[in-house]
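Descriptive analysis of the structure
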Amino acid sequence: MNIENRTKLEEWLDQNYWFEDGFISEINDSKNGLEIVVGYQTVGTYVAGEKQELKEFSLKPNGLMNWTYKKEQFSPTKEYCINGIDLTEKGIGLKFDTESVFELTCESIEISEPKITQTYTKPWISNREIYITATEKEVPTANYWIEKLGEYGFKIGFRYFASELIQSEKVPYPDYSGYFIQTLNKISETQKGLFFKFISLENGELRIGIENGDENKELFKTIQSIVSDWTNSKINSGNVEFTGKEFKDFLENGKYPERIEKIKNVW
């Protein structure tokens with residue numbers, strides 16, 4: 001299909017939901033011309049290991065007049081969503097809204113028939129945050145974290161953003177969300193630490209969200225190992241949900257749960 005007017009281009013974008021939360025999987029700029037491959041998910045979720053269906057189109061502009069893409073601004077991939085694709089202010093053109101915005105304008109755009117791919121959602125792990133649920137009778141106290149991390153050789157304390165050390169007896173309980181854990185030797189030279197995003201306990205189910213505010217890898221890994229041992233714990237990291245045992249195994253050997261490992265060959 002060759003689109004030569006703005007109205008038809010707008011209709012095509014609308015039919016494809018303006019590629020909101022879609023992706024740009026390829027940008028090929030060679031002597032044979034420019035090709036951009038765009039798409040979006042039509043079936044499935046973003047949970048690792050679930051069935052997924054993707055629809056992709058190849059776009060080839062003819063009579064290219066403006067192309068503002070720079071490689072250092074954006075790397076094409078199916079793994080991360082873009083905000084969407086819009087029309088340029090005038091003429092036949094597309095505005096690609098990624099972490100940066102770039103545009104093309106041209107005389108016409110050749111658009112391929114859709115390519116449908118059936119696959120599984122690829123797993124990814126967050127290095128910055130985890131979400132934990134567990135069966136517990138009470139919320140862990142500030143002293144619990146101080147003593148438990150002390151068993152692993154960490155001397156830690158509590159603080160709020162950019163504050164000095166807060167003595168454990170002055171940390172709010174049971175909801176100390178908004179506070180950070182930090183090693184004592186870093187409190188004076190940092191502003192953050194491991195951040196408690198939320199804490200709740202309802203009907204015996206404990207829910208905690210923890211964010212690695214200053215990229216302290218060893219402290220973050222240790223606290224992940226600790227929560228993996230909690231009763232009936234489930235840990236969400238990135239788009240993967242682990243049982244406590246599965247997550248502890250992953251921390252030790254880097255292997256995903258068997259249900260995900262067995263379908264790796266289709267990614």
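Residues numbered from 1 in each chain as written. Predicted model: local features only at pLDDT ≥ 70, side-chain atom pairs only at ≥ 80, totals over all residues. Heavy atoms only, no water.

**A few points about the pairing of strand β17 (residues 240–243)**
Burial along β17 is one-sided: Val240 and Phe242 are buried, and none of Glu241 and Thr243, which face the opposite way, are. Of the strand pairs in this sheet, strand β16 (residues 234–237) and β17 are connected by four bridges, and their pairing is antiparallel. Within β17, the residue paired with asparagine 236 across the bridge is glutamate 241. Connecting β16 to the antiparallel partner β17 that follows it, the hairpin turn spans two residues, and glycine 238 within it adopts a positive phi of roughly 60°. (Buried < 20%, exposed > 50% of the residue type's maximum accessible area, 1.4 Å probe, protein only. Helix = DSSP H or I, 4+ residues; strand = E, 2+ residues; numbered from the N terminus. Pairing = 2+ DSSP bridges.)

**Digging into the sheet that holds strand β12 (residues 156–159)**
On the basis of which strands lie adjacent, the open sheet formed by seven strands has the order β12-β13-β14-β15-β11-β16-β17 and antiparallel pairing. Edge positions in the sheet fall to β12 and β17, since each of these pairs with one other strand and no more. Taking the axes of each pair of neighbouring strands and ignoring which way they run, one obtains an average angle of 25° across the sheet. Sheet topology places strand β13 (residues 180–183) next to strand β14 (residues 194–202); two bridges connect them, and they run antiparallel. Bridging from a neighbouring strand, isoleucine 181 pairs with leucine 194 of β14. Packing against the sheet, helix α2 (residues 142–150) makes contact with β12, β13 and β14, and its axis sits at approximately 150° to β12. Against the sheet, helix α3 (residues 217–228) makes contact with β11 (129–135), β12, β13, β14, β15 (205–212) and β16, and its axis sits at roughly 20° relative to β11, the strand it touches most. (Axes fitted to C-alpha atoms, helices over the stretch in contact; angles between N-to-C directions. Contact = heavy atoms within 4.5 Å.)

**Quick word on the side chain of serine 168**
Within the secondary structure, serine 168 is located in the loop between β12 and β13. A polar contact of 3.0 Å, which involves the side chain of serine 168, links it to the side chain of asparagine 143. Beyond its immediate stretch of four places on either side in the chain, serine 168 contacts Ala142, Asn143 and Ile146. (Polar contact = N/O pair within 3.5 Å; in protein donor to acceptor, adjacent residues only side chain to side chain.)

**Remarks on the side chain of threonine 105**
Here threonine 105 lies in strand β8 (residues 101–106). Here threonine 105 is in contact with Gly63, Leu64, Met65, Asn66, Thr88, Ile92 and Gly93, once residues within four sequence places are set aside.

**A look at the packing of α3 against helix α4 (residues 244–253)**
Two packed helices can be described by the angle between their axes and the distance between those axes. Relative orientation of the contacting elements α3 and α4 amounts to 150°, with a least axis distance of 8 Å. The orientation of α3 relative to α4 falls into the category roughly antiparallel. The way α3 lies across α4 gives a crossing that is left-handed. Between α3 and α4, the residues in contact are Lys221, Gln224, Ser225 and Ser228 and Gly244, Lys245, Phe247, Lys248 and Leu251, respectively. Partitioning the contact of α3 with α4 into residue classes produces two nonpolar, four polar and three charged. (Parallel < 35°, antiparallel > 145°, perpendicular 65-115°, else oblique. Left-handed = near helix turned anticlockwise from the far one by under 90°. Nonpolar A, V, L, I, M, F, W, Y, C, P; charged D, E, K, R; others polar.)

**What about the nonpolar core?**
The biggest cluster of nonpolar side chains holds 36 residues, and the ones touching the most others in it are Trp145, Phe158, Tyr176, Ile181, Phe196, Ile210 and Trp230. Ranked by residues supplied to this core, first place goes to α3 with five residues. When residues no more than four places from it in sequence are discounted, the contact partners of tyrosine 176 are Val139, Pro140, Thr141, Trp145, Phe158, Val171, Phe196 and Ile199. If you look at the next biggest cluster of nonpolar residues, it comprises 27 residues, including Trp12, Trp67, Tyr69 and Leu104. (Core = buried A, V, L, I, M, F, W, Y, C linked by side-chain atoms within 4.5 Å.)

**Some details on unusual backbone geometry**
For the bond running from tyrosine 173 to proline 174, omega is 10°, close enough to zero to count as cis. Inspection of the secondary structure puts proline 174 in the loop between β12 and β13. Phi is positive for phenylalanine 19, which is not a glycine, with a value near 55°. Along the polypeptide, phenylalanine 19 turns up in the loop between α1 (6–15) and β2 (23–30). Here phenylalanine 19 falls in the buried class, since its relative accessible area comes to 0%. Of note in the backbone geometry, aspartate 21 takes a positive phi value of approximately 60° without being a glycine. For aspartate 21, a relative accessible area of 43% translates into the label partly exposed.

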